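One letter stands for each residue in the lines below.
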Amino acid sequence: RKLTNSLKNKLSKLTQGEIRKLKSSMSIKEIESIINNLLKKKSPGPGGFSSEFSQTFQEEMVSILHNLFQILKTDRTLPNSFYKASITLISKPNKGITRKENYRSISLMNIKAKILNKISAN
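Because the structure is a prediction, the values reported are computed rather than measured.

**Student:** Tell me about the overall build of the protein chain, and please be specific about residues and values.
**Tutor:** Along the protein chain, the regular secondary structure elements total 6 helices and 2 strands. Moving toward the C terminus, one meets the helices and strands of the protein chain in the order α-α-α-α-α-β-β-α. Of all 122 residues assigned to the protein chain, the portion counted as buried reaches 21%. For the protein chain, the share of sequence-separated contacts (at least 6 apart) that also reach a separation of at least 24 residues comes to 55%. Carbon together with sulfur atoms contributes 53% to the accessible area of the protein chain, which is approximately 9400 Å² in total.

Have a look at this one:
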């Protein structure tokens, strides 16, 4: 996918240390930290796995995700599942349910994509 001008401008402002950090491999500790800090009681995304599942089976998930992220870094492409989200409407508190203005949309992301995004943002 082509980089937008905005993203190109942001990348050009990174220090050499920041660029080195982005190019470095993700550590197991980073993945563990993100999984530990995922909010509980959240609905799963299109993959069907919740944050609680990832935390319950953390040891297995960390290993799987670490291997996956290494492959993604080498391939320099993301699987289609990382671009999918479940979008739903929820009603605003204390508002009537008969008017469209009283709803807001939420997007539920694939848990693997959410973890990768959080690592990248950090």
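Having put the structure on the table, let's press on.
**Student:** Explain the nonpolar core to me, and be specific about the residues and the numbers.
**Tutor:** Judged by nonpolar contacts, the single largest core of 16 residues is most densely connected at Ile 31, Ile 35, Leu 65, Phe 69, Ile 115 and Ile 119. Those residues in contact with Leu 65 that sit more than four places away from it in its chain are Ile 31, Ile 35, Lys 112 and Ile 115.

**Student:** If you had to explain the side chain of Ser 50 to someone new, which residues and values would you point to?
**Tutor:** Tracing the chain through its elements places Ser 50 in the loop between helix H3 (28-36) and helix H4 (51-56). For Ser 50, a relative accessible area of 17% gives the class buried. When near neighbours in sequence (up to four residues on either side) are disregarded, Ser 50 contacts Lys 42, Pro 44 and Ile 111.

**Student:** Could you give an account of a positive patch on the surface, with specific residues and numbers?
**Tutor:** A cluster of basic residues, Lys 42, Lys 92, Lys 95 and Arg 104, forms a positive patch at the surface. Its location among the elements puts Arg 104 in strand E2 (residues 103-109). We classify Arg 104 as partly exposed; its relative accessible area is 44%.

**Student:** Go over the pattern of salt bridges, please, and point to the residues and values.
**Tutor:** Considering all chains together, one arrives at 2 salt bridges under this definition. Residue Lys 41 pairs with Glu 52 through a salt bridge whose shortest N-O separation is 3.7 Å. Separated by 11 residues along the polypeptide, Lys 41 in the loop between H3 and H4 and Glu 52 in helix H4 bring together distant segments of the chain. By relative accessible area, which is 72% here, Lys 41 ends up exposed. Overall, the relative accessible area of 30% leaves Glu 52 in the partly exposed class. The salt bridge partner of Glu 101 is Arg 99, with a shortest N-O separation of 3.4 Å.

Here is what the cut-offs are and how they apply
- Residues numbered from 1 in each chain as written.
- Predicted model: local features only at pLDDT ≥ 70, side-chain atom pairs only at ≥ 80, totals over all residues.
- Heavy atoms only, no water.
- Helix = DSSP H or I, 4+ residues; strand = E, 2+ residues; numbered from the N terminus.
- Buried < 20%, exposed > 50% of the residue type's maximum accessible area, 1.4 Å probe, protein only.
- Contact = heavy atoms within 4.5 Å.
- Areas by Shrake-Rupley, 256 points an atom, 1.4 Å probe, with all protein chains shown as cover.
- Core = buried A, V, L, I, M, F, W, Y, C linked by side-chain atoms within 4.5 Å.
- Patch = residues over 30% accessible without salt bridge, like charges linked within 9 Å, V, L, I, M, F, W, Y side chains within 5 Å.
- Salt bridge = Lys/Arg side-chain N within 4 Å of Asp/Glu carboxyl O.
- Lys, Arg positive; Asp, Glu negative; His and termini not counted.
- Charge placed at Lys NZ, Arg CZ, Asp CG, Glu CD.

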